[in-house]
Amino acid sequence: FQANLKLNQLMQSWLLQELGDSSSRDLLEIYCGNGNFTLPAASIFRQVLATEVDGNSLAAAKACAKEAKIENLQVKKCRAEDMDFQQLCDLGYDFSTL
């Protein structure tokens, strides 16, 4: 679907509509890829932590976030099974949306 620009834009719009006002919430996105949904979602969340294991996708997500001047997003290389959720909470994340 990401190759179909119109469908992709519809899916991004649908995501934002479904999430609604999330400005007081944090988002954890596991396996974010190139940030296709991460970047739009960052516009409505307090802070976003996005993880990915593929180096190329990780680099693309970071570059897109930098280009878009998104400052509430951290992109980290991490496998889901290696995540320490207690440590993330200790760092100030309050994940109500995964």
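Let us look at the structure shown here. The structure presented is a predicted model; accordingly, all values stated were derived computationally and were not measured.

## A few points about the pairing of strand E3 (residues 73-77)
Thinking step 1. Here strand E2 (residues 45-52) runs beside E3; their pairing, made up of 5 bridges, is parallel. Note on E3: the bridge partner recorded for Glu-52 is Lys-77.
Thinking step 2. Following the backbone out of E2, through helix H3 (residues 55-67) and into the adjacent parallel E3, one traces a crossover that is right-handed.

## Concerning the environment of Leu-5
Thinking step 1. Structurally, Leu-5 is set in helix H1 (residues 5-19).
Thinking step 2. For Leu-5, a relative accessible area of 56% gives the class exposed.
Thinking step 3. Sequence separation between Leu-5 and Lys-62 is 57 residues; the distance between their C-alpha atoms is 21 Å.

## Here's the deal with the nonpolar core
Thinking step 1. Phe-45, Val-48, Ile-70, Leu-73 and Val-75 are the most contacted members of the largest nonpolar core, which has 17 residues in total.
Thinking step 2. Mapped onto this core, the elements with two or more residues apiece are H1, helix H2 (38-42), E2, H3 and E3.
Thinking step 3. When residues no more than four places from it in sequence are discounted, the contact partners of Val-48 are Leu-27, Thr-38, Ala-42, Asn-72, Leu-73, Gln-74 and Tyr-93.
Thinking step 4. Grouped together as the second largest cluster of nonpolar side chains are 7 residues, Leu-28, Cys-78, Leu-88 and Tyr-93 included.

## Comments concerning the pattern of salt bridges
Thinking step 1. Throughout the structure, instances matching the rule amount to 3 salt bridges.
Thinking step 2. The partner of Glu-81 in a salt bridge is Arg-79, and the shortest N-O contact between them spans 3.2 Å.
Thinking step 3. According to the relative accessible area criterion, Arg-79 is partly exposed, its value standing at 41%.
Thinking step 4. Each of Arg-79, Glu-81 and Asp-82 takes part in one network of salt bridges that share partners.

## A closer look at the side chain of Glu-52
Thinking step 1. Within the element layout of this structure, Glu-52 appears in strand E2.
Thinking step 2. With no salt bridge to any partner, buried Glu-52 finds its closest opposite charge in Lys-77, at an N-O distance of 8.6 Å.
Thinking step 3. A polar side-chain atom of Glu-52 sits 3.4 Å from the main-chain amide nitrogen of Cys-32.
Thinking step 4. Only 3.1 Å separates the side chain of Glu-52 from the backbone nitrogen of Asp-54, close enough to count as a polar contact.
Thinking step 5. Once residues within four sequence positions are removed from consideration, Glu-52 is found in contact with Tyr-31, Cys-32, Gly-33, Ser-57, Leu-58, Lys-76, Lys-77 and Cys-78.

## Remarks on unusual backbone geometry
Thinking step 1. Not every positive phi belongs to a glycine, and Tyr-31 is a case in point at roughly 60°.
Thinking step 2. Despite not being glycine, Lys-69 has its phi angle at roughly 55°, a positive value.
Thinking step 3. By the element assignment, Lys-69 lies in the loop between H3 and E3.

Scoring rules and cut-offs
- Residues numbered from 1 in each chain as written.
- Predicted model: local features only at pLDDT ≥ 70, side-chain atom pairs only at ≥ 80, totals over all residues.
- Heavy atoms only, no water.
- Pairing = 2+ DSSP bridges.
- Helix = DSSP H or I, 4+ residues; strand = E, 2+ residues; numbered from the N terminus.
- Right-handed = clockwise from strand over helix to strand, strands pointing away.
- Buried < 20%, exposed > 50% of the residue type's maximum accessible area, 1.4 Å probe, protein only.
- Core = buried A, V, L, I, M, F, W, Y, C linked by side-chain atoms within 4.5 Å.
- Contact = heavy atoms within 4.5 Å.
- Salt bridge = Lys/Arg side-chain N within 4 Å of Asp/Glu carboxyl O.
- Lys, Arg positive; Asp, Glu negative; His and termini not counted.
- Polar contact = N/O pair within 3.5 Å; in protein donor to acceptor, adjacent residues only side chain to side chain.

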